[in-house]
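# What the coordinates show
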Amino acid sequence: QVQLVESGGGLVQAGGSLRLSCAASRRTPAMGWSRQAPGKEREFVAVINWSGDTTSYADSVKGRFTISRDNAKNTVYLQMNSLKPEDTAVYYCNAGGSTASPPNYWGRGTQVTVSS
């Protein structure tokens, strides 16, 4: 089992920035983020492999969000810039064996609200 704890969510104005963090209880090869807006299904946001040389982003966040990780701390980050109201959602950290496979573990989520 892997426990994931997110932090860094909050309220920000459109155009602003936030940095989410997710601490894992142990090392996992792939870590990522998904989000779920009110009334919508959960969607993929970004994923990163162990070495950090492979990343993938949803089209909606490319160029604005950056995923990174610190393996010494078993932590993954999501730097979110140029935030838009449509980025408002609960953001979930996840972890698994590969960036090409669905994640096996999920955090409880952190709320991000972007005001217009």
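Here goes a summary of the coordinates provided. (Residues numbered from 1 in each chain as written. Predicted model: local features only at pLDDT ≥ 70, side-chain atom pairs only at ≥ 80, totals over all residues. Heavy atoms only, no water.)

## Section: the overall build of the protein
Definition in use: The helix and strand labels rest on DSSP assignments: H or I over at least four residues marks a helix, E over at least two residues marks a strand, and numbering proceeds from the N terminus. Under the scheme applied here, a residue whose accessible area is under 20% of the maximum for its type counts as buried, over 50% as exposed, and between as partly exposed, the area being computed with a 1.4 Å probe on protein chains only. Any two residues whose heavy atoms approach within 4.5 Å at even a single point are treated as in contact.
Scanning the protein for helices and strands turns up zero helices and 11 strands. Shown N-terminal to C-terminal, the secondary structure of the protein runs as helices and strands in the order β-β-β-β-β-β-β-β-β-β-β. Taken along the three principal axes of its C-alpha coordinates, the protein extends 40 × 25 × 25 Å. Across the 116 residues of the protein, 43% fall into the buried class. Counting only contacts in the protein whose residues sit at least 6 apart along the sequence, the fraction spanning at least 24 positions is 54%.

## A word on the side chain of Glu-6
Operational definition: His is not counted here, nor are the chain ends, while Lys and Arg score as positive and Asp and Glu score as negative. What makes a salt bridge here is a side-chain nitrogen of Lys or Arg within 4 Å of a carboxyl oxygen of Asp or Glu, nothing more. Polar contacts, as used here, are pairs of N or O atoms within 3.5 Å; protein pairs need one atom able to donate a hydrogen and one able to accept it. Residues neighboring in sequence count only if both atoms are side-chain atoms.
Of note, Glu-6 is situated in strand 1 (residues 4-7). Although Glu-6 is buried, it makes no salt bridge; Arg-108 carries the closest opposite charge, 7.6 Å away. In this structure the side chain of Glu-6 is engaged in a polar contact, spanning 3.2 Å, whose partner is the backbone nitrogen of Arg-108. A polar side-chain atom of Glu-6 sits 3.0 Å from the main-chain amide nitrogen of Gly-109. Contacts of Glu-6, omitting those with residues within four sequence positions, involve Ser-21, Cys-22, Trp-33, Tyr-91, Tyr-92, Cys-93, Gly-107, Arg-108, Gly-109 and Thr-110.

## Thoughts on the nonpolar core
Buried together is how nonpolar side chains tend to be arranged in soluble globular proteins. Note the following rule: In this text, buried Ala, Val, Leu, Ile, Met, Phe, Trp, Tyr and Cys residues form a nonpolar core when linked through side-chain atoms within 4.5 Å.
With 28 residues, the main nonpolar core has Trp-33, Leu-78, Met-80 and Tyr-91 as its most contacted residues. Breaking this core down by element, the ones donating at least two residues are strand 3 (18-24), strand 4 (30-36), strand 5 (43-48), strand 7 (65-70), strand 8 (75-80), strand 9 (89-96) and strand 11 (110-115).

## Here we look at the pairing of strand 7
Under the convention used in this document: In this scheme, strands are said to pair when DSSP sees at least two bridges between them.
Taking every second residue as pointing to the same face, the buried face of strand 7 carries Phe-65, Ile-67 and Arg-69, while none of Thr-66, Ser-68 and Asp-70 on the other face is buried. Turn length for the strand 7-strand 8 hairpin, with the two strands adjacent in sequence and antiparallel, is four residues, and the turn residue Asn-74 shows positive phi of about 50 degrees.

## A short note on the environment of Asn-74
Structurally, the position occupied by Asn-74 is in the loop between strand 7 and strand 8. Given the relative accessible area of 19%, Asn-74 is considered buried. Between the C-alpha atom of Asn-74 and that of Ala-14, which follows or precedes it by 60 residues, the distance is 30 Å. Leaving out residues up to four positions away in the same chain, Asn-74 has contacts with Cys-22, Ala-23, Ala-24, Ser-25, Arg-26, Arg-27 and Met-31.

## Thoughts on the packing of aromatic side chains
Here is the rule: Only Phe, Tyr and Trp rings are paired, with Trp represented by its six-membered ring, and only when their centres lie within 6.5 Å; those with planes under 30 degrees apart are stacked, over 60 edge-to-face, the remainder tilted. Should the NZ of a Lys or the CZ of an Arg lie within 6 Å of a ring centre and within 35 degrees of the ring normal, that charge is described as sitting over the ring.
Applying the stated rule across the entire model yields zero aromatic pairs. When the ring centre of Tyr-77 is taken as reference, the NZ or CZ atom of Arg-19 above it lies at 4.0 Å.

That is the geometry; function is a separate question.
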